Amino acid sequence: MTMTEARPTEGGTSSTPEAPPSPVGQAVVDSADHKVLGLILIGASLLLYLILRAAGSALGAELLSAGSQVVGGNSRRFYSLYETGIILLWVAPVWIGLATYLLPLQIGASRLAFPRVQALAVWTHLAGAGLFLAGHLIDPPPGIGLTGREPLQAPLGGINDGTNLILASFLLLGLATLLSAGNLLTTALIMRADGMSLGRMPLFSWGVVAAAAGSLLATPVFLACALVLYLDLHFGGTNLFADSRGADLVWQKGLWLYGRPEALLLLVPALGAACDIVATAVRKPLAAPPPPVPQGLKAKLPPLPGLVTPLAGHVLAAGALFAAVTFALLAWVQDRQTIDAVILPTATVPTALFAVAAGVLVLLWLATLREGSVRPTLALSFVAAAIVVGAAAALNALIAGLTGVEGTELGQGMVELITIGVPTLLAFGALHHWAKKLFGVGLSGPAGGLALLASLGGTLAIGIGQSIAGYGGAEVHAKEAQGDARVGFAIAEVGHVLLLLAGLVIALDVARAMAARRRNRAAPADITDGVTLEWAAPSPPPPENFTELPDVRSEAPLADLSGAESTTTTSAGKKG
Amino acid sequence: MTVAAPLALPPAAQVLERTRSRNAVVVATALYGLAALVLTAALIGTYTAFRSGVSPWPPAGVRKENYFGTLLLAAAAMLMVTAEWIVWSVVHAVRRQTAQAAGLAAFLLLAMLNGLLFTVDEAGFGAATHPYGTIFYAFMLVAALTQLAGLAALVVALARTAGRQISPTEPQLARALSIVLHIAALTWVMVWGALYAGSR
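Treat the numbers as computed from the prediction; the structure is a model and nothing was measured.

Taken together, the 37 residues of chain A in the interface contact 32 residues of chain B. Regarding the contact of chain A and chain B, the summed buried area is about 2,600 Å², with carbon and sulfur atoms giving 75% of it. Among the salt bridges present, the one from Arg-20 of chain B reaches Asp-194 of chain A, with a minimum N-O distance of 3.8 Å. Counting across the chain A and chain B interface gives 5 residue pairs in polar contact (both at pLDDT 80 or more). Among the elements of the structure, α5 (161-190), α6 (203-234) and α7 (247-253) of chain A are those that each provide at least two residues to the side of chain A that touches chain B. A per-class count over the side of chain A that touches chain B returns 25 nonpolar, 7 polar and 5 charged.

Residue and element names in this part refer to chain A. Direction vectors running N to C along helix α13 (residues 410-433) and helix α15 (residues 445-471) enclose 170°, while the axes themselves pass 8 Å from each other. In terms of axis orientation, α13 runs roughly antiparallel to α15. In this structure, α13 uses Leu-410, Gln-412, Gly-413, Glu-416, Leu-417, Gly-421, Leu-425, Phe-428 and His-432 to contact α15, whose residues at the interface are Gly-448, Ser-455, Leu-456, Thr-459, Leu-460, Ile-462, Gly-463, Gln-466, Ser-467, Gly-470 and Tyr-471. For the contact of α13 with α15, the class distribution of residues is 8 nonpolar, 11 polar and 1 charged.

Residue and element names in this part refer to chain A. Here His-234 shows up in helix α6. The partly exposed category is assigned to His-234, whose relative accessible area is 35%. Considered as a pair, His-234 and Asp-194 are 40 residues apart in the sequence and their alpha carbons are 51 Å apart.

The next subject is the pattern of salt bridges. Residues and elements named next belong to chain A. Tallied over the entire structure, the rule returns 7 salt bridges over all chains. For Asp-529, the salt bridge identified is with Lys-436, shortest N-O distance 2.8 Å. One end of the pair, Asp-529, is in the loop between α16 (483-519) and α17 (557-575); the other, Lys-436, is in helix α14 (residues 435-439), with 93 residues separating them in the sequence. Look at Asp-529 and you get buried, because its relative accessible area is 18%. For Arg-553, the salt bridge goes to Asp-551, with nearest N and O atoms at 3.1 Å. Classification of Arg-553 as exposed rests on a relative accessible area of 56%. Looking at Asp-551, the relative accessible area reads 22%, which means it is partly exposed.

Attention now moves to the confidence of the model for chain A. Residues and elements named next belong to chain A. Model confidence for chain A is summarised by a mean pLDDT of 81, while 76% of its residues fall at 70 or above. Taken element by element, the predicted model of chain A shows its lowest mean pLDDT in α17 (57) and its highest in helix α4 (residues 115-137) (94). Residue range residues 1-16 is modelled with pLDDT below 50. Its contacts to residues more than four positions away, or to other chains, number 38 contacts. This model gives residues 566-576 a pLDDT under 50, and the stretch forms 0 contacts once residues within four places in sequence are excluded.

Conventions adopted
- Residues numbered from 1 in each chain as written.
- Chains lettered and ligands numbered in written order.
- Predicted model: local features only at pLDDT ≥ 70, side-chain atom pairs only at ≥ 80, totals over all residues.
- Heavy atoms only, no water.
- Contact = heavy atoms within 4.5 Å.
- Buried area = accessible area lost by both parts, 1.4 Å probe.
- Salt bridge = Lys/Arg side-chain N within 4 Å of Asp/Glu carboxyl O.
- Polar contact = N/O pair within 3.5 Å; in protein donor to acceptor, adjacent residues only side chain to side chain.
- Helix = DSSP H or I, 4+ residues; strand = E, 2+ residues; numbered from the N terminus.
- Nonpolar A, V, L, I, M, F, W, Y, C, P; charged D, E, K, R; others polar.
- Axes fitted to C-alpha atoms, helices over the stretch in contact; angles between N-to-C directions.
- Parallel < 35°, antiparallel > 145°, perpendicular 65-115°, else oblique.
- Buried < 20%, exposed > 50% of the residue type's maximum accessible area, 1.4 Å probe, protein only.
- pLDDT = per-residue confidence, 0-100.

Given below as structure tokens:
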């Protein structure tokens, strides 16, 4: 086992590291440690998930029977709270939190490039989340579009405190995303350990880099439009209401940004995490499958070792992640709702190409699992669940295309499957996968199994239920439903409740693990846990992250180490 | 008799870490600067969207004062040259010229801010009067923020120079300062292009 710093004693470390400082109170508020900041964001996003999912459940209950008054006259408020919030306050922060915690560990750095900037980003994100919730809670209801993405008719709502707060929250959340994206990208470019070339970076880190690069291009547009809207509405204008020409373009291109590409961008680190989960399950990097060559031709061709090496799979996966970001940006540039305003390829093609990039990754995962000896884990089951949900969405899109159904609740069903369901499942899977590094202890297996079943069932129920409602003719954001549509909404409501249950189970388990993190001493690293550098750190990592850092000679440095160790052991045994 | 131990040279790892931190500042400044330019470009896109839908454009009562806009453009061009002058003088260890260039940069930034305030003062319409007003004030706000960022970076760079953290062998922070100044200048160039050169 070769180390660049200290030679380890038996067990993988030279000494038992001290337990990390208590992540509570003053230590939490003052901390610029990327691990504490990551945990703050992960914990807060889980709490926000429960609030938002409860709002979604209440909204779904409204549609179960005619004349239902669960949310009464507040359906606009609940739609805006749930649909905008679930992306801004759950999917975005949980992945930023995981990236904040894991990126330095994966690249062998002791810290982020700018720890204080990340602290600013995290607290700004939380302040933005607070303003967003406050804006929806205070009376009168906010005079902003249903999900913050459509211009209103001028007489509706108008400017009030709620609208002001929501617009201010958009500015804060955008700023926080921008700060995080720049910091994470700089960290990946500059702070990598010796030997950790860009090509050797783990695929979750690649996903973070790709998404951060996309965010740096997309988020300023969102910020610009939010700024214009704030200036207009705050000073009493109506220039950006629906009856003002040009306003529609601003809304669709600017403020719809967080529906697309931001939602698609947030899928990219999730896909990267799934790559790492698969690689860990087989304890080797992703491998590209050999090309299908006919048997007769194969004998005549020279061997093609390059196509089956792990490096080829790793590079192909990283390329697919970057391609996904590119297509996400292209899909946003040409939104189908403004097809008459800008002459560009339609949104459908880049969205389909995004799906192709994701499909390439899925094929790589399957090929790698087929070739290797699989160590089944709960995290891997979450990846399988995400693949099922993605396949259901693809099938649904195919049916919708063949039947020509458009502009109904079906679209919301697709959003639930792809932009909320897949990243949520993979976030739960990532929490299980990296639990030892995040909390020092693993998450509960039975609780995780329950969460897996509930989240998979819930996601499918919402997606399929809303699609049934859409095929039944229910309009987007319907206030009442009849016939088939009502059956669809009933199925979707079951899904909301199941997802609420899954979130509750995960949140309680994470809370238990965080409490254990404070109590327990750090356990030494076990390099058989994984193949990437974060597994060389104690669990949980000390403030400086690593007590010793292995040499990085490939994209799976710990697999190299354990391979070398086993070779040494075997030869020593033979000698003996 | 006690013999004082000789001062040890900083370990190579510390030097490497410091160089990394300095390089990180340059990279991050470039990335955030790029984001600022994208933001300005998005405002130009918004401006174009409004212009295509509102007639007449600019709305009645808006008097465009090209004189100050173009004067600020000249200041922006000078600021970009000055930014490069700062880096050149740091790399060549000409401290007197570094001080002169920094002083000139501060003067130009203050002049640009003053020009912006004057332009806003003379506008004669509010942010919500019409779409032109909304986008005009958004442009002014973003331009002012980039110029204030330039001034803040200048103050930080002076403090770092006093602390001997900028030197011919470690000019990264001077390069980061120059990027901030370039962004401030380029932002105004883009705003000028949209507000004064691009619409009649």
